Amino acid sequence: MKLTDKIYIAGHRGMVGGAIKRRLETLGYQHIITRSSAELDLRNQASVNAFFAAEKPDYVFLAAAKVGGIHANNTYRAEFLYDNLIMEANIIHAAWQQQVTKLMFLGSSCIYPKLAPQPLQESSLLTGPLEQTNEPYAIAKIAGIKLCEAYRDQYGCNFISVMPTNLYGIGDNYHPENSHVLPALIRKFHEAKEAGKPAVTIWGTGTPKREFLYADDLADACVYLMLHYDGKELVNIGTGEDLTIRELAETVKEVVCYEGNLEFDTSMPDGTPRKLMDVSRLHSLGWKHSTGLKEGIVMAYADYLKKSRLTLNA
Ligand SMILES: NC(=O)C1=CN([C@@H]2O[C@H](COP(=O)(O)OP(=O)(O)OC[C@H]3O[C@@H](n4cnc5c(N)ncnc54)[C@H](OP(=O)(O)O)[C@@H]3O)[C@@H](O)[C@H]2O)C=CC1
Ligand SMILES: C[C@H]1O[C@H](OP(=O)(O)OP(=O)(O)OC[C@H]2O[C@@H](n3cnc4c(=O)[nH]c(N)nc43)[C@H](O)[C@@H]2O)[C@@H](O)[C@@H](O)C1=O
C-alpha cells in the first residue's frame, strides 16, 4: 500500500473507521476516501456501484456495519442481519468489479460457536451453534467471511477477513440501551456519580468473561495486516486476556471514582459465557497490542467527558 494509493474507509465516522483513518493519516497516507451514510447509503447497490466506478479505490477497509451491544442485537434482529448482509455484499461485489487491489473485511468474535473451546481458534468457525442474542449479526458476519473467500477462490481477489474482539475507545457509542458493555458502564458510573445515586445496575449475573481491545490498537493491527497479510485464513485480533463483567465494572467504577454499590439485573441476558480469542496467529504475524485495559478505560473516559461536555454545551 503506497502513500499515494486511494484508500476507502467504509464507516469512517464510527469508532473503528475513525481510528483507522487516524492511523493512516499519522503514517502519511495522502488519499483517503470517505463517505457518511447520509452521503452514501451502503445498502443501496446502485449507489455503491456508482461510487466505486467513480472513485476506483485501490484499498478498502470495510468497517461500516450495523453495530451494537447484546440488547440491540437481540432487539433489532432483522436490521442486524439485513443491513450487514446488504452492505458487505454491495461493497465486496463492487470491489471485485472495480478490481480493488485489496479489501479487509471486519468480522467479530461473535462468529464463533457459543460453547467453542477457549481460547477461540479461527478453525472453530461453524463447528457448533451460535449465541442466540447475536445470531443474526453473527450470520451476517459469517456470510461476509464466506463472500471474501468465494471471491478469492473464483476471481483471485485479495480480500482478507479479520475478527476483532470486543472493542472500546475514542468515538465509542454511549447509547444507554444499544451500546456495548464497556461504554455503557462508563456512562452509568459517571451519571450515577454526578447524580449521587447509591447504586449502579449491571445487566446479567456479572459472571460472563469478555476480552477488550482499545480501538486505536485495533486500527494499528488492521493497517499492519493490510500491509503484511494476504492469506485466506481468518485472523483473530485481541489481547489474549479477559475478565468477568463484575471485574470490569469494578475497574470502571475505580476509573470514574464512583463510590456507590453494584446491583445485578439478572432479567437481562448474559450472552456468551466467554469469548477469549486465540491470538497466536496474530502474534506469529508480528503484531501485539500495546494499550492495557485500565490505561484504555482512562482514555475512553476522558473522550466521553469531552464529548458529553460538548453535547451539554450544545
Ligand atoms: N465495537 C465493537 O466492539 C466491535 C466492532 N466490530 C466491527 O467493527 C466495525 C466497526 O464497528 P464500530 O466502529 O464499533 O461501529 P460504529 O457503530 O461506531 O460505526 C459504524 C459505521 O458504519 C456506518 N454505517 C452503518 N450503516 C450504514 C449505511 N447503511 N450506510 C453507510 N454507512 C453505514 C456508520 O456511518 P455513519 O456514522 O455515517 O452513519 C458508522 O460510521 C464493524 O464491522 C463491527 O462489526 C467487531 C468487533 C467488536
Ligand atoms: C462485540 C460483541 O458485542 C456483543 O456481544 P456481547 O459482548 O455479549 O455484548 P455486550 O458488550 O453488550 O455485553 C457483554 C456482557 O456485559 C453485560 N452487561 C452488563 N451491563 C451491561 C450494560 O449496561 N450494557 C451492555 N451492553 N452490556 C452489559 C451483558 O449482559 C453481557 O453479559 C454483540 O454485538 C456481539 O455480536 C459482538 O460482536
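The shown structure was predicted, so the numbers you read here are calculated from the model rather than taken from an experiment. (Residues numbered from 1 in each chain as written. Chains lettered and ligands numbered in written order. Predicted model: local features only at pLDDT ≥ 70, side-chain atom pairs only at ≥ 80, totals over all residues. Heavy atoms only, no water.)

## Some points on the pairing of strand S1 (residues 6–10)
Walk down a regular strand and you will see the side chains alternate between the two sheet faces. Test applied: Buried residues are those whose accessible area, probed at 1.4 Å on protein chains only, stays under 20% of the maximum for their type, while exposed residues exceed 50% and partly exposed ones sit between those limits. Every helix listed is a DSSP run of H or I at least four residues long, and every strand listed is a run of E at least two residues long, numbered separately from the N terminus. For two strands to be treated as a pair, DSSP must find at least two bridges joining them. Look down the strands so they point away from you; if the path from the first strand over the helix to the second goes clockwise, the crossover is right-handed.
S1 sits mainly inside the fold: 5 of its 5 residues count as buried. The alternating pattern of S1 places Lys 6, Tyr 8 and Ala 10 and Ile 7 and Ile 9 on opposite faces, both of which are buried. Relative to strand S2 (residues 31–33), S1 is paired through 3 bridges, and the arrangement is parallel. Bridge assignment links Lys 6 to a residue of S2, and that residue is His 31. A crossover connection joins S1 to the parallel S2 through helix H1 (residues 15–26); in handedness this β-α-β unit is right-handed.

## As for the site of ligand 1
Note the following rule: Nearness of a residue to a molecule or strand requires only that one of the residue's heavy atoms be within 4 Å of it. Identification of polar contacts relies on pairs of N or O atoms within 3.5 Å, with a donor-acceptor requirement for protein atoms, meaning one able to donate a hydrogen and the other able to accept it, and with residues adjacent in sequence counted only if both atoms are side-chain atoms. Per-residue and other accessible areas were derived by the Shrake-Rupley procedure at a 1.4 Å probe size, with only the shown protein chains allowed to occlude residues. Charged residues are taken to be Asp, Glu, Lys and Arg, nonpolar residues to be Ala, Val, Leu, Ile, Met, Phe, Trp, Tyr, Cys and Pro, and polar residues to be all remaining types, Gly included.
Around ligand 1 there are 26 residues in total, and Arg 13, Val 16, Ser 37, Tyr 137 and Lys 141 lie nearest to it. One nitrogen or oxygen atom from the side chain of Lys 141 is found 2.9 Å from an oxygen atom belonging to ligand 1. When ligand 1 sits alone it has 900 Å² of accessible area, and the protein chains cover 86% of it. The set of elements that each furnish at least two residues to the shell around ligand 1 consists of H1, helix H5 (135–155) and strand S6 (166–168). Its residues assigned to classes, the shell around ligand 1 shows 13 nonpolar, 9 polar and 4 charged.

## Description of the UniProt feature "domain: NAD-dependent epimerase/dehydratase" (unreviewed entry) in the protein chain
Our working rule: UniProt positions are given in the numbering used here, feature names are shortened, and annotations may be inferred rather than shown by experiment.
Sites flagged by UniProt as "domain: NAD-dependent epimerase/dehydratase" (unreviewed entry) map to residues 7–238. Between the end C-alpha atoms of residues 7–238 there is a gap of 24 Å, over a span that is 43% helix and 16% strand.

## Some details on the pairing of strand S3 (residues 59–62)
Judged by which residues are buried, S3 turns out to be covered on both faces: Tyr 59 and Phe 61 on one side and Val 60 and Leu 62 on the other are all buried. Both S3 and strand S4 (residues 102–106) contribute to a ladder of 4 bridges, which runs parallel. Looking across to S4, one finds that Val 60 is bridged to Leu 103.

## Points about the environment of Leu 24
Selection criterion: It only takes one pair of heavy atoms within 4.5 Å for two residues to be counted as in contact.
With respect to the helices, strands and loops of the structure, Leu 24 is situated in helix H1. Taking the relative accessible area as the measure of exposure, Leu 24 reaches 0% and is therefore buried. The spacing of Leu 24 and Glu 122 is 98 residues in sequence and 27 Å in space, taken between C-alpha atoms. Filtering out sequence-adjacent residues up to four positions away, Leu 24 remains in contact with Met 1, Ile 7, Ile 9, Tyr 29, Ile 32, Phe 61 and Val 223.

## Notes on the packing of aromatic side chains
What counts, and what does not: What counts as a ring pair is set by centres within 6.5 Å for rings of Phe, Tyr and Trp (its six-membered ring), and what kind of pair is set by the plane angle: stacked under 30 degrees, edge-to-face over 60, tilted for all other angles.
Under the counting rule described, the total for this entry stands at 10 aromatic pairs. Ring plane angle 20 degrees and centroid distance 4.1 Å describe the contact between Trp 96 and Tyr 155, whose orientation is recorded as stacked. Of this pair, Trp 96 sits in helix H4 (residues 77–97) while Tyr 155 sits in helix H5, placing them 59 residues apart in sequence. The structure contains a cluster of three or more aromatic residues connected by ring pairs, namely Tyr 8, Phe 51 and Phe 52.

## What about the site of ligand 2?
Near ligand 2 there are 22 residues, and of these Gly 68, Ser 108, Lys 188, Pro 269 and Asp 270 occur at the shortest range. With respect to ligand 2, the side chain of Lys 275 contributes an N or O atom lying 3.3 Å from an oxygen atom. Breaking the shell around ligand 2 down by element, the ones donating at least two residues are helix H3 (70–75), helix H6 (181–195) and strand S7 (199–203). At 3 residues, H6 tops the list of elements feeding residues into the shell around ligand 2. Looking at the shell around ligand 2 residue by residue, the class counts come to 10 nonpolar, 8 polar and 4 charged.

## Some thoughts on the packing of helix H2 (residues 45–55) against H4
Note the cut-off: For helices, the axis comes from a line fit to the C-alpha atoms of the stretch in contact; other axes are also lines fit to C-alpha atoms, and the angle between any two N-to-C directions lies between 0 and 180 degrees. Each crossing gets its handedness from the near helix: less than a right angle anticlockwise from the far helix is left-handed, clockwise is right-handed.
Two numbers describe how H2 lies on H4: the axes approach to 9 Å, and their chain directions differ by 35 degrees. Crossing of H2 against H4: the hand is right-handed. Seen from H2, the contacting residues are Gln 45, Val 48, Asn 49 and Phe 52; seen from H4, they are Asn 90, Ile 91, His 93, Ala 94, Ala 95 and Gln 97. Grouping the amino acids of the contact of H2 with H4 by side-chain chemistry returns 5 nonpolar, 5 polar and no charged.

## Side note on unusual backbone geometry
Following Gln 118, the chain continues into Pro 119 via a peptide bond in cis, with omega recorded as -5 degrees. The residue Pro 119 is located in the loop between S4 and H5 in this model. Non-glycine residue Lys 56 carries a positive phi angle of around 45 degrees. Within the secondary structure, Lys 56 is located in the loop between H2 and S3. In this structure, Cys 257 is a non-glycine residue whose phi angle is positive, near 65 degrees.

## Brief notes about the packing of H1 against helix H7 (residues 215–228)
What counts here: Angles below 35 degrees are treated as roughly parallel, those above 145 as roughly antiparallel, those between 65 and 115 as roughly perpendicular, and all remaining angles as oblique.
Interhelical geometry of H1 versus H7 gives an angle of 60 degrees and a closest axis separation of 8 Å. What the angle tells us is that H1 and H7 run oblique. In terms of crossing hand, the pair formed by H1 and H7 is right-handed. Between H1, through Met 15, Val 16, Ala 19, Ile 20, Arg 22, Arg 23 and Leu 24, and H7, the contact on the second element is made entirely by Ala 215, Asp 216, Leu 218, Ala 219, Asp 220, Cys 222 and Val 223. For the contact of H1 with H7, the residue count by class is 10 nonpolar, no polar and 4 charged.

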